[in-house]
Amino acid sequence: MDATSQAGGATATAGGPVVGGQAGPADPLLPYLSADFPWYGLDEGWTGRRFLMQAGVGGRRAGAGGVDYGTLGHGDEPAKQFEPRDVRKFAVVVTVARRDSRRSADNTGTLEATSASSAAWLAGSGLLAATWPGQLDRTLRQDWLEQQSALAWDLADDLAGPGWSTLSLPVNGLPQPFRYRESEYGWVLAGEAPGVLLGAFGRGVSAYGIGFSTVPDLGGYTRP
């Protein structure tokens, strides 16, 4: 399973995956526009706010811009610090490029091919990063995040296991099977779509009522 920790050193944060583990460019659209795969978001059934999050950069490939995955947000932005009464409602769509096994960004190893498990782990870690459980301070929360991330990795690597159920959702108007699970922190799902692998996570928004579609114009994610 190829995922963030293996893709050019990128990590997950409360704002979503970081671009190559470094600060992104001044124009947040640039990494999205350089991708060689289509982006997916919630379909027209979603009438709320849309916003860009982060695009993840893996090994550089000629003509590909190096972008391997990215996130598009819907609803309220995930909190970056503890909120005593967290009433945010959001759904985040993770688009992951289909990649065969390839050399790592530093050319010291080989990355596995991407799979639905890659999307599941990115979505699971994204949900954890967007969650502030109880009254944990930053130090304790980091320990909690590391423990839960390891669990999310194990779950993502076993999509056929008992930790997941099957949920059918529309992708470009056609039903598509996804693997789905809920926890006290929110929900996570993962599956496939034309040209890419899809993951999603959210809370306060029912996963059963959403659908996905390609995004022909990212301008809808940049307007206030």
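Residues numbered from 1 in each chain as written. Predicted model: local features only at pLDDT ≥ 70, side-chain atom pairs only at ≥ 80, totals over all residues. Heavy atoms only, no water.

Focus: the side chain of arginine 88
And then number 1: Secondary-structure assignment places arginine 88 in the loop between strand S5 (67-75) and strand S6 (90-97).
And then number 2: Looking at arginine 88, its side chain comes within polar contact range of the main-chain oxygen of alanine 130, at 3.1 Å. (Helix = DSSP H or I, 4+ residues; strand = E, 2+ residues; numbered from the N terminus. Polar contact = N/O pair within 3.5 Å; in protein donor to acceptor, adjacent residues only side chain to side chain.)

Section: the pattern of salt bridges
And then number 1: According to the stated counting rule, one finds four salt bridges in the structure shown.
And then number 2: Where glutamate 77 meets arginine 49, a salt bridge forms, and the shortest distance between an N and an O atom there is 2.9 Å. A residue pair is termed long-range when its members are at least 10 positions apart, and glutamate 77 in the loop between S5 and S6 and arginine 49 in the loop between strand S3 (40-42) and strand S4 (50-57) qualify at 28 residues.
And then number 3: A salt bridge links aspartate 68 to arginine 99; the nearest nitrogen and oxygen atoms lie 2.9 Å apart. With aspartate 68 in strand S5 and arginine 99 in the loop between S6 and strand S7 (102-103), this residue pair connects regions lying 31 residues apart in the sequence. Across this residue pair, the class does not change: aspartate 68 and arginine 99 are buried.
And then number 4: Here the salt bridges do not stand alone but share partners, grouping Asp36, Asp68 and Arg99 into one network. (Salt bridge = Lys/Arg side-chain N within 4 Å of Asp/Glu carboxyl O. Buried < 20%, exposed > 50% of the residue type's maximum accessible area, 1.4 Å probe, protein only.)

Regarding the pairing of S6
And then number 1: In terms of burial, S6 is largely enclosed, as eight of its eight residues are buried.
And then number 2: One ladder, built from seven bridges, connects S5 with S6; its direction is antiparallel. Residue leucine 72 lies in a different strand from S6, and its bridge partner there is valine 93.
And then number 3: The pairing of S6 with strand S12 (residues 196-203) spans eight bridges and is classified as antiparallel. Bridging from a neighbouring strand, alanine 97 pairs with valine 196 of S12. (Pairing = 2+ DSSP bridges.)

A word on the environment of glycine 191
And then number 1: Checked against the element boundaries, glycine 191 lands in strand S11 (residues 186-193).
And then number 2: Taking the C-alpha atoms as reference points, glycine 191 and arginine 179, separated by twelve residues in sequence, lie 6.3 Å from one another.
And then number 3: When near neighbours in sequence (up to four residues on either side) are disregarded, glycine 191 contacts Ala116, Pro177, Phe178, Leu197 and Leu198. (Contact = heavy atoms within 4.5 Å.)

Regarding the environment of threonine 222
And then number 1: Note that threonine 222 resides in the segment after strand S13 (212-214).
And then number 2: Given a relative accessible area of 41%, threonine 222 falls into the partly exposed group.
And then number 3: Each C-alpha atom of the pair threonine 222 and proline 28 lies 8.8 Å from the other, and the pair is 194 residues apart in sequence.
And then number 4: Ignoring anything within four residues of it in the chain, the contact list for threonine 222 reads Leu29 and Leu52.
And then number 5: In this structure the side chain of threonine 222 is engaged in a polar contact, spanning 2.9 Å, whose partner is the backbone oxygen of glycine 219.

Details of the nonpolar core
And then number 1: Counting 58 residues, the largest nonpolar core has Leu189, Phe201, Phe212 and Leu218 as the members making the most contacts within it.
And then number 2: Sorting elements by how many residues they give to this core places helix H2 (residues 116-129) first, with eight residues.
And then number 3: Sequence-distant contacts of leucine 218, defined by excluding residues within four places in its chain, comprise Leu29, Tyr32, Leu33, Trp39, Leu52 and Leu72. (Core = buried A, V, L, I, M, F, W, Y, C linked by side-chain atoms within 4.5 Å.)

A word on the environment of arginine 223
And then number 1: Within the fold, arginine 223 resides in the segment after S13.
And then number 2: Taking C-alpha positions, arginine 223 is 7.7 Å from phenylalanine 51, a pair spaced 172 residues apart along the chain.

Description of the confidence of the model for the protein
And then number 1: In the predicted model, the protein carries a mean pLDDT of 79, and the fraction of residues at 70 or more is 71%.
And then number 2: Of all secondary-structure elements in the protein, the lowest mean pLDDT belongs to strand S1 (residues 12-13), at 36, while S3 reaches the highest, 98.
And then number 3: The low-confidence segment residues 3-25, where pLDDT is below 50, has 59 contacts with residues more than four positions distant or belonging to other chains.
And then number 4: Confidence drops under pLDDT 50 across residues 59-64; counting only partners more than four residues distant or on other chains, this segment forms 13 contacts. (pLDDT = per-residue confidence, 0-100.)

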